[in-house]
Amino acid sequence: APDFADYARNINPPKDAAKSLPDVIYIVPDRYASADTLKAAYNLDNAGFYDRLQQRGFVFHANGRANYPTTAHSMSSTANSGYLEPFAELYGRQTGRLQPLYSAIENSEAQRAMRSLGYRFINAGSWWDASRFNRNADENFGTDILMEINRVSLSELEHVLWRGTPLREIPGFAAVAAGATECKRIKHKLDWLSRVGNTTSPVFVMTHMTIPHTPIVADRNGNCLPASIDYPVPGVTYAQLKTAYADYLRYFNDAILEVFDRQMQRRSGSGRKLLFIIQSDEGPYPEITRLQDKEQNFIDLPAPDLNMKLGILNAMYLNGNRTVLAEELQTPINNWRIILEHITGEPAGRNRHKVHIYKDHQRIHDYIEVTAQFLN
């Protein structure tokens with residue numbers, strides 16, 4: 001495929017771009033599992049959600065695979081439409097330093113191309129450092145965690161207690177405080193996503209959402225839980241976590257379709273088109289890696305566990321255009337080529353779909369290709 005940086009830096013906006021460019025809302029639901037993982041590991045048949053996507057004109061791959069097994073690698077690869085072997089050459093294979101990947105996310109060729117086309121770039125990140133704030137964005141929405149704790153979730157007294165006393169070390173209090181914060185933050189963001197854009201100039205929204213990522217902070221109907229659920233923590237079994245994860249994912253399904261439907265209703269008379277992407281960055285962690293935490297070794301994971309970690313959803317609404325095939329969405333490596341090609345009409349080429357793992361968190365650029373094992 002052509003070098004993506006060269007392509008992205010040389011595309012031209014269409015005529016009358018300010019009026020004709022579609023808004024682009026790109027949503028990354030962290031650890032949203034593939035259909036086969038949901039059925040096999042979580043006893044969840046997600047077919048109803050896929051039917052609703054299809055009815056709305058989405059093209060999707062329900063059993064997609066991440067190009068890399070963790071968020072930093074996956075998001076940096078996707079946003080630059082390229083594989084990460086150059087990082088091994090630049091920084092060596094014996095390193096756990098994530099900052100270069102974080103920089104590749106913040107300074108991605110995707111956001112650079114969108115801004116050059118005339119888009120207002122809004123970053124709507126999470127508590128995670130690499131997505132929380134983007135210096136290239138025209139606006140960073142809802143990313144000041146401490147401000148949100150004060151303003152949205154906890155009372156002033158609760159905030160003082162949390163920051164200034166040993167209560168922050170008590171797991172029960174921490175779970176209640178963190179869960180209340182995250183639940184309200186997610187609800188606030190979903191409501192905002194349904195209202196953003198559809199103005200006199202085009203917007204590009206990049207939002208990384210920590211749902212269904214643990215800790216799980218809401219139930220099937222979106223009600224905030226009295227305390228967040230995670231594993232391994234005292235009093236929570238892995239079976240309980242899986243049930244809560246399935247409910248959390250069902251809540252996201254309903255909520256994100258409501259966002260989409262409200263966006264489409266708002267545009268019925270405005271003429272501003274919409275591209276809407278729902279692309280998971282990685283699958284959920286299996287039990288063994290949760291118990292190992294940072295010492296996990298992807299190479300030694302049993303195939304079913306690695307399949308869980310790599311399985312994702314990749315879905316696109318391209319203003320009702322179905323010329324893109326589901327097979328093109330097997331992995332997200334070409335997502336931005338597809339988006340920019342759709343916007344500008346300029347062919348972008350395609351990368352071959354590949355899947356990689358790496359040794360462990362001390363050797364994050366020691367890449368090993370496992371495409372033959374995990375892609376049909």
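For the structure, see preceding data.
Heads up: these notes are all about the structure in this document. All figures in this text were calculated on a predicted structure; none of them were measured in a lab.

Quick notes on helix 16 (residues 335-344)
Piece 1. The buried fraction of helix 16 is high, at eight of 10 residues.
Piece 2. The complete set of buried residues in helix 16 reads Asn335, Trp336, Arg337, Ile338, Ile339, Leu340, Ile343 and Thr344.
Piece 3. Count one or two residues on from helix 16 and you reach glycine 345, which has phi positive near 80°.

What about the pattern of salt bridges?
Piece 1. All chains considered together, the criterion is met by 21 salt bridges.
Piece 2. Between glutamate 109 and arginine 112 there is a salt bridge, with the nearest N and O atoms lying 3.3 Å from each other. One end of the pair is glutamate 109 and the other is arginine 112, both in helix 8 (residues 109-116) and three residues apart, which spans about a single turn.
Piece 3. By relative accessible area, which is 10% here, glutamate 109 ends up buried.
Piece 4. Residue classification places arginine 112 among the partly exposed positions, given a relative accessible area of 32%.
Piece 5. Between arginine 220 and aspartate 254 there is a salt bridge, with the nearest N and O atoms lying 2.8 Å from each other. Placement of arginine 220 in the loop between strand 6 (216-218) and strand 7 (224-229) and of aspartate 254 in helix 13 (residues 238-266) is noted, with a sequence separation of 34 residues between them.
Piece 6. Since its relative accessible area comes to 28%, aspartate 254 is described here as partly exposed.
Piece 7. Taken together, the shared-partner salt bridges connect Arg9, Glu109 and Arg112 into one network.

Comments concerning the nonpolar core
Nonpolar side chains tend to gather and get buried jointly when the protein is soluble and globular.
Piece 1. Ranked by internal contacts, the top residues of the largest apolar core, which has 56 residues, are Val24, Phe204, Trp336, Leu340 and Ile343.
Piece 2. A total of five residues in this core trace back to one element, the largest contributor, which is helix 16.
Piece 3. Sequence-distant contacts of valine 24, defined by excluding residues within four places in its chain, comprise Met114, Tyr119, Val203, Phe204, Val205, Leu275, Ile277, Trp336 and Ile343.
Piece 4. Leu193, Ile211, Tyr238 and Tyr317 belong to the second-largest nonpolar core, a separate cluster that totals 53 residues.

What counts, and where the lines are drawn
- Residues numbered from 1 in each chain as written.
- Predicted model: local features only at pLDDT ≥ 70, side-chain atom pairs only at ≥ 80, totals over all residues.
- Heavy atoms only, no water.
- Buried < 20%, exposed > 50% of the residue type's maximum accessible area, 1.4 Å probe, protein only.
- Helix = DSSP H or I, 4+ residues; strand = E, 2+ residues; numbered from the N terminus.
- Salt bridge = Lys/Arg side-chain N within 4 Å of Asp/Glu carboxyl O.
- Core = buried A, V, L, I, M, F, W, Y, C linked by side-chain atoms within 4.5 Å.
- Contact = heavy atoms within 4.5 Å.

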